[in-house]
Every structure is written in C-alpha cells, then in structure tokens.
Amino acid sequence: MAVDTRLAPYAALTLRVALGVMYLAHSVILKLMTFGLPGTGNFFSKVGLPSWLAYVTFAAEAAGGTLLVLGIWTRWVAVSLLLPLFGAIVWVHGANGWLFTAPGGGWEYPAFLIAASVVLALLDDGAHAAMRLKVTGAT
C-alpha cells in the first residue's frame, strides 16, 4: 500500500490541531467557564477522587491542548494526556454504558479521544509543527 507522503503531514496537522482544540475546549470551556474549577473539584470528590486533581487535570488539558495546536512535542503530549482519559473512563463514565448521551455520560467520547491520541502519538508531528522530536530509527 502506497503512502501519499505529500499529504500525510497535513493529515497529521489536521488531527493535531483538532485534538488540541478539543482538549482546550474541554478544559477551558467545560471545567473553567461552565462548572468552575471549585465545581469541578466538587465533582471529582463525588466520584471518589481528590478535589485537587481537578486543578491538575485542568492544567494538563489546557497546556496539552495548547502544545498540540502549536505542534510542540506532539507525541509526548498525546501520550501524557492518555492518563486523564483512562481515568475518566474508570472513575466517571465506565459504568454509564457506551453512549455519551447516557445519564452521567458514557465512555464513547473518552475512548475515541484515546484512539485519536494514540494515532497522533504514532504519527509524525505533522506540517507546521513548532518543535519536533527527533525519533531515532524512524525512516
């Protein structure tokens, strides 16, 4: 199967920016502007997590989203954001069923974000990346 090396960097760019914008929206719009960080902390407490973890999660998603949009250390950022997504499935959404429209939100959305993050981590940084990682052994 032939790979179109001319367009592949733009495919990675599209995924990188879309995923980065999603992380930014999820942190800034949902956690900060909609629920507020204290409210998000209260929610974390209700599901059995320490409330301070809400602030760490917010910071990770906001910083990670920004780094992805800019194309800075894309692979490492995509991998580092997997932990909060797995946590969202295990502690919040897993018992609610598959569909995200289920009461309490199902796990389809975080599962899709895990898949997209893994794909991005496997790809190159894409076109217009500000800071690339050198991967030894790559062709």
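These numbers were taken from a predicted model, which means no experiment stands behind them.

1. Description of the overall build of the protein chain
Phase 1 of the analysis: Scanning the protein chain from terminus to terminus reveals 6 helices and 0 strands.
Phase 2 of the analysis: Overall, the protein chain shows an N-to-C arrangement of helices and strands of α-α-α-α-α-α.
Phase 3 of the analysis: Expressed along its principal axes, the backbone C-alpha trace of the protein chain runs to roughly 50 × 30 × 25 Å.
Phase 4 of the analysis: In the protein chain, buried positions account for 35% of the 139 residues.

2. Regarding the packing of aromatic side chains
Phase 1 of the analysis: Here the structure, examined in full by the defined rule, presents 1 aromatic pair.
Phase 2 of the analysis: For the ring pair W98 and W107, a centre distance of 4.6 Å and an interplane angle of 85 degrees mean the geometry is edge-to-face.
Phase 3 of the analysis: Classification of W98 as partly exposed rests on a relative accessible area of 44%.

3. Thoughts on helix 6 (residues 108-122)
Phase 1 of the analysis: Given a rise of 1.5 Å per residue, 15 residues ought to cover 21 Å, and the 21 Å separating the end C-alpha atoms of helix 6 matches this to within 8%.
Phase 2 of the analysis: P110, L113, I114, A116, S117, L120 and A121 are the residues of helix 6 that are buried.
Phase 3 of the analysis: Lining the buried residues of helix 6 we find helix 1 (8-34), helix 3 (52-70), helix 4 (74-80) and helix 5 (82-93).

4. Some points on the nonpolar core
Phase 1 of the analysis: Ranked by internal contacts, the top residues of the largest apolar core, which has 15 residues, are L19, Y23 and L68.
Phase 2 of the analysis: Broken down by secondary-structure element, the contributors of at least two residues to this core are helix 1, helix 4, helix 5 and helix 6.
Phase 3 of the analysis: Filtering out sequence-adjacent residues up to four positions away, L19 remains in contact with L68, L113, A116, S117 and L120.

5. Focus: the layout of surface pockets
Phase 1 of the analysis: What the largest pocket holds in volume is close to 700 Å³.
Phase 2 of the analysis: Lining the largest pocket are 30 residues, with H26, K31, F44, T57 and A88 sitting closest to its centre.
Phase 3 of the analysis: Secondary-structure elements contributing two or more residues to the lining of the largest pocket are helix 1, helix 2 (36-46), helix 3, helix 5 and helix 6.
Phase 4 of the analysis: Looking at the lining of the largest pocket residue by residue, the class counts come to 21 nonpolar, 7 polar and 2 charged.

6. Describing helix 1
Phase 1 of the analysis: Between the first and last C-alpha of helix 1 there are 36 Å, a value that for 27 residues agrees with the 39 Å anticipated at 1.5 Å per step.
Phase 2 of the analysis: Those residues of helix 1 not exposed but buried are A12, L13, R16, L19, G20, M22, Y23, S27 and K31.
Phase 3 of the analysis: Buried-residue contacts for helix 1 involve helix 2, helix 3, helix 4, helix 5 and helix 6.
Phase 4 of the analysis: A positive backbone phi angle near 75 degrees is found at G36, which sits one or two residues after helix 1.

7. Considering a nonpolar patch on the surface
Phase 1 of the analysis: Residues I29, L32 and M33 make up a contiguous nonpolar surface patch of roughly 310 Å² in combined accessible area.
Phase 2 of the analysis: Residue placement: L32 occurs in helix 1.
Phase 3 of the analysis: L32 sits in the partly exposed class, given a relative accessible area of 38%.

Rules used throughout
Residues numbered from 1 in each chain as written. Predicted model: local features only at pLDDT ≥ 70, side-chain atom pairs only at ≥ 80, totals over all residues. Heavy atoms only, no water. Helix = DSSP H or I, 4+ residues; strand = E, 2+ residues; numbered from the N terminus. Buried < 20%, exposed > 50% of the residue type's maximum accessible area, 1.4 Å probe, protein only. Phe/Tyr/Trp six-rings, centres within 6.5 Å; stacked < 30°, edge-to-face > 60°. Expected span 1.5 Å × (residues − 1). Contact = heavy atoms within 4.5 Å. Core = buried A, V, L, I, M, F, W, Y, C linked by side-chain atoms within 4.5 Å. 1 Å grid on protein atoms, 1.4 Å probe; cavity = no way out; pocket = protein on both sides within 12 Å on 5 of 7 lines; lining within 4 Å. Points joined across faces, edges and corners; volume = space filled by probe spheres on them. Nonpolar A, V, L, I, M, F, W, Y, C, P; charged D, E, K, R; others polar. Patch = residues over 30% accessible without salt bridge, like charges linked within 9 Å, V, L, I, M, F, W, Y side chains within 5 Å. Areas by Shrake-Rupley, 256 points an atom, 1.4 Å probe, with all protein chains shown as cover. Salt bridge = Lys/Arg side-chain N within 4 Å of Asp/Glu carboxyl O.

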